[in-house]
Amino acid sequence: MRQLHDARKTTARRAQTAPMREMIAGFCRTALDDYRVAGYPFGKTVDGLLIWFEYGQKTTDN
């Protein structure tokens, strides 16, 4: 897992405008809601959410 202090060393651009931040926040809320409805198939962590995305959101709780 990537350490938080490493994030400052990256050259990634951050969302600089309010509309971009709102769009990203809306996406995150929708993704988390969809993951919750699916039954947290990979656990209640961000890592689990990312794995769920890798599987194309086609898995649900068994």
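Scroll up a little and you will see the structure.
Note that the structure is a prediction, hence the values are computed from the model and not measured. (Residues numbered from 1 in each chain as written. Predicted model: local features only at pLDDT ≥ 70, side-chain atom pairs only at ≥ 80, totals over all residues. Heavy atoms only, no water.)

### What about the overall build of the protein?
In terms of regular secondary structure, the protein is built from two helices and zero strands. By residue count, 10% of the 62 residues in the protein fall in the buried class. About 5,600 Å² of surface is accessible on the protein, with carbon and sulfur atoms providing 56% of the total. (Helix = DSSP H or I, 4+ residues; strand = E, 2+ residues; numbered from the N terminus. Buried < 20%, exposed > 50% of the residue type's maximum accessible area, 1.4 Å probe, protein only. Areas by Shrake-Rupley, 256 points an atom, 1.4 Å probe, with all protein chains shown as cover.)

### So, the packing of aromatic side chains
Overall, the coordinates contain four aromatic pairs when judged by the stated rule. Geometrically, the ring pair formed by Phe 27 and Phe 53 is stacked, given 6.2 Å between the ring centres and 15° between the ring planes. One end of the pair, Phe 27, is in helix α1 (residues 18-37); the other, Phe 53, is in helix α2 (residues 46-54), and 26 residues separate them in sequence. For Phe 27, a relative accessible area of 52% translates into the label exposed. Owing to a relative accessible area of 26%, Phe 53 belongs among the partly exposed residues under this scheme. Each ring, one from Tyr 35 and one from Trp 52, has its centre 5.2 Å from the other, and the planes form 55°; the classification is tilted. Here Tyr 35, found in helix α1, pairs with Trp 52, found in helix α2; they are 17 residues apart in sequence, far enough to count as distant. Within the aromatic cluster, the residues linked to one another by ring pairs are Phe 27, Tyr 35, Tyr 40, Trp 52 and Phe 53. (Phe/Tyr/Trp six-rings, centres within 6.5 Å; stacked < 30°, edge-to-face > 60°.)

### Remarks on unusual backbone geometry
One can expect most non-glycine residues to show negative phi and most peptide bonds to be in trans. Residue Tyr 40 is not a glycine yet carries a positive backbone phi of 50°. Counting through the fold element by element, Tyr 40 comes out in the loop between α1 and α2. Judged by relative accessible area, which is 30%, Tyr 40 ranks as partly exposed.

Any functional reading would require information that these geometric values do not contain.
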